[in-house]
Amino acid sequence: METFLQLAPYACDPARSLGRAIVEPESAMRTAHQRDRDRIVHSTGFRRLEGKTQVLLAVEGEQHRTRLTHSLEVAQIARSVSRSLQLNEDLAEAVALAHDLGHPPFGHAGETALDDALAYHGGFDHNIQTFRILTKVEHRYALFDGLNLTAETLEGVIKHNGPFEKVPSWLTGHPKIDAMQLAGHAPLEAQIAAIADDIAYCNHDLDDGLRAGFFELDDLSALPLVHDIVQIARECYPEAPASRLIHEVTRRLIDHMVRDLHEQIRSGLLEFRVQCCDDVRTADRALVGFSKPVRVGIEALRAFLQERMYHHYRVNRMGLQARRVVRDLVATFLQSPECLPDGWREAAEPSTAERATAVRDYVAGMTDRYAINEHARLLMPMAAPS
């Protein structure tokens, strides 16, 4: 499809996409990366993010962030930054929307439990699971498993934590492995999606923590960056109630981080004389990052959230229950695969390895509430049938 996007020369041009594993006719109305984004939004795995924990259990309240709302916030930030730099905002949005598809129920507690429970079968990693969902687990299309996304979108998701020194075993054999240039940096759009993840979760966890009562605005006085923004918000709105001040603080903090990020990217493009996408891949460092003062401020905020929220006894209690549910489900299905639902049961039959893979995919795909209900149906006497 012809594109009318006014892209910078170092952006990923959808008209020059490296293509899909299975060749398909081009769309007359959408670019390749718009189609990627749309496929992700319409996928089963994306819808399930609505019921998966970010930090606070989705079943604990309706206003806390979930994996879905987190992914939408990441996509909004990534798209805004990309547009300001004349980058391919559709690609940035697609990578942002897909980056958390592999997360299991109950957030990091669920991932830890799943990794431990499957330790003798390869463990569990949500980034690997995301790749499996995008290339194998989704069964929607008649011609292929997965979503058959472009190499650029897959590369952006795969390099969420940076480039690879060598090809990992879980990527071996993918038809577009060479096109992804795993040893090089990801395109700017993917780097922006990755750092938008940091901006989003720091700020929305701060917002959720304040609203859930883990701490108050006065407790942020020792934090660089955040303290000044709290003071400015209070000076501007001295009569505003706490609920509105919280929003004023988080929106100003996001704006400050985004502006700093934009300036640092501009500086990096000039420093490395970037003229094309290949210059981004081969640069001596990632071109997307914060200035030192903002980086220090974010690190202090993370440490604060770690102490006051992520290790709070209420979160610890939820984590304890979540780990028990996940461990019990995995152990039960590994021992009794005949209890798996239709489709999953057949996938688990050939061998021990296939059984572990089927159990991994099934449990990882559960929402919080579905996992709790499945645990009750299987392991609680006289539980109501579904």
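All figures in this text were calculated on a predicted structure; none of them were measured in a lab.

Undergrad: Requested: an account of the overall build of the protein chain, with residues and values cited.
TA: Tallying secondary structure elements over the protein chain gives 16 helices and zero strands in all. A globule of 386 residues ought to have a C-alpha radius of gyration of about 21 Å, and the protein chain, at 22 Å, matches this closely. With respect to the three principal axes, the spread of C-alpha positions in the protein chain is 60 × 55 × 35 Å. By the burial criterion, 52% of the 386 residues in the protein chain qualify as buried. Residue pairs in contact within the protein chain that sit at least 24 positions apart in sequence constitute 70% of those at least 6 positions apart. Put simply, the protein chain shows about 18900 Å² of open surface, and 50% of that area lies on carbon and sulfur atoms. In the protein chain, the 43 positive side-chain charges and the 55 negative ones have mean positions that sit 1 Å from each other.

Undergrad: Describe the pattern of salt bridges, listing the residues and the values that go with them.
TA: Applying the stated rule across the entire model yields 29 salt bridges. The closest approach of N and O atoms between Asp36 and Arg20, which form a salt bridge, is 2.7 Å. You can see Asp36 sitting in helix H1 (residues 32-41) and its partner Arg20 sitting in the segment before H1, a full 16 residues away along the chain. Here Asp36 and Arg20 have matching classes, each one buried. A salt bridge links Asp198 to Arg302, with the nearest nitrogen and oxygen atoms 3.4 Å apart. Remark: Arg302 occurs in helix H12 (residues 292-310) and Asp198 occurs in helix H8 (residues 188-211); sequence separation between them is 104 residues. Residue class for Arg302 comes out partly exposed when judged on its relative accessible area of 29%. Salt bridges here are not isolated pairs; linked through shared partners, they connect Arg30, Arg37, Asp38, Arg79, Arg83, Glu89, Asp90 and Glu93.

Undergrad: Got a sec to walk through the packing of aromatic side chains? Specific residues and values, please.
TA: Per the stated rule, a full pass over the model turns up seven aromatic pairs. Between Tyr141 and Phe144, the aromatic rings sit 5.0 Å apart at their centres with planes inclined by 25°, giving stacked as the arrangement. What makes Phe144 buried here is its relative accessible area of 9%. Plain terms: the ring middles of Phe164 and Trp170 are 6.2 Å apart, the flat faces sit at 75° to each other, and that makes the pair edge-to-face. Taking relative accessible area as the criterion, Trp170 reaches 25% and is therefore assigned partly exposed. Counting every residue linked through ring pairs, the aromatic cluster contains Phe333, Trp344, Tyr362 and Tyr370.

Undergrad: Could you give me a rundown of the nonpolar core, with the residues and numbers involved?
TA: One finds Ile40, Phe215 and Leu220 to be the most contacted residues of the largest nonpolar core, which totals 81 residues. Counting 23 residues, the second largest nonpolar core, distinct from the first, contains Ala322, Phe333, Ala358 and Tyr362.

Undergrad: Please provide a residue-by-residue account of unusual backbone geometry, values included.
TA: Positive phi outside glycine occurs at Asn148, with the angle close to 50°. Relative to the helices and strands, Asn148 is located in the loop between helix H6 (126-137) and helix H7 (151-158). Among the residues examined, Asn148 registers a relative accessible area of 7% and is labelled buried. One non-glycine residue, Arg273, lies in the positive phi region at around 50°.

Undergrad: For the side chain of His70, give the residues involved together with the corresponding values.
TA: Relative to the helices and strands, His70 is located in helix H3 (residues 67-84). The class for His70 is buried, based on a relative accessible area of 1%. Beyond its immediate sequence surroundings of up to four residues, His70 is in contact with Gln54, His99, Asp100, Asp197, Ala200, Tyr201 and His204.

Undergrad: Outline the packing of helix H10 (residues 242-271) against H12, listing residues and values.
TA: Describing two packed helices takes the angle between their axes plus the distance from one axis to the other. Packing of H10 against H12 brings their axes to within 11 Å, and their N-to-C directions diverge by 140°. Classified by the angle between their axes, H10 and H12 sit oblique to one another. In terms of crossing hand, the pair formed by H10 and H12 is left-handed. Along the contact surface, H10 presents Leu253, His256, Met257 and Asp260, while H12 presents Val294, Ile298 and Leu301. By residue class, the composition of the contact of H10 with H12 is five nonpolar, one polar and one charged.

What counts, and at which threshold
Residues numbered from 1 in each chain as written. Predicted model: local features only at pLDDT ≥ 70, side-chain atom pairs only at ≥ 80, totals over all residues. Heavy atoms only, no water. Helix = DSSP H or I, 4+ residues; strand = E, 2+ residues; numbered from the N terminus. Rg over C-alpha atoms; globule rule 2.2 N^0.38 Å. Buried < 20%, exposed > 50% of the residue type's maximum accessible area, 1.4 Å probe, protein only. Contact = heavy atoms within 4.5 Å. Areas by Shrake-Rupley, 256 points an atom, 1.4 Å probe, with all protein chains shown as cover. Lys, Arg positive; Asp, Glu negative; His and termini not counted. Charge placed at Lys NZ, Arg CZ, Asp CG, Glu CD. Salt bridge = Lys/Arg side-chain N within 4 Å of Asp/Glu carboxyl O. Phe/Tyr/Trp six-rings, centres within 6.5 Å; stacked < 30°, edge-to-face > 60°. Core = buried A, V, L, I, M, F, W, Y, C linked by side-chain atoms within 4.5 Å. Axes fitted to C-alpha atoms, helices over the stretch in contact; angles between N-to-C directions. Parallel < 35°, antiparallel > 145°, perpendicular 65-115°, else oblique. Left-handed = near helix turned anticlockwise from the far one by under 90°. Nonpolar A, V, L, I, M, F, W, Y, C, P; charged D, E, K, R; others polar.

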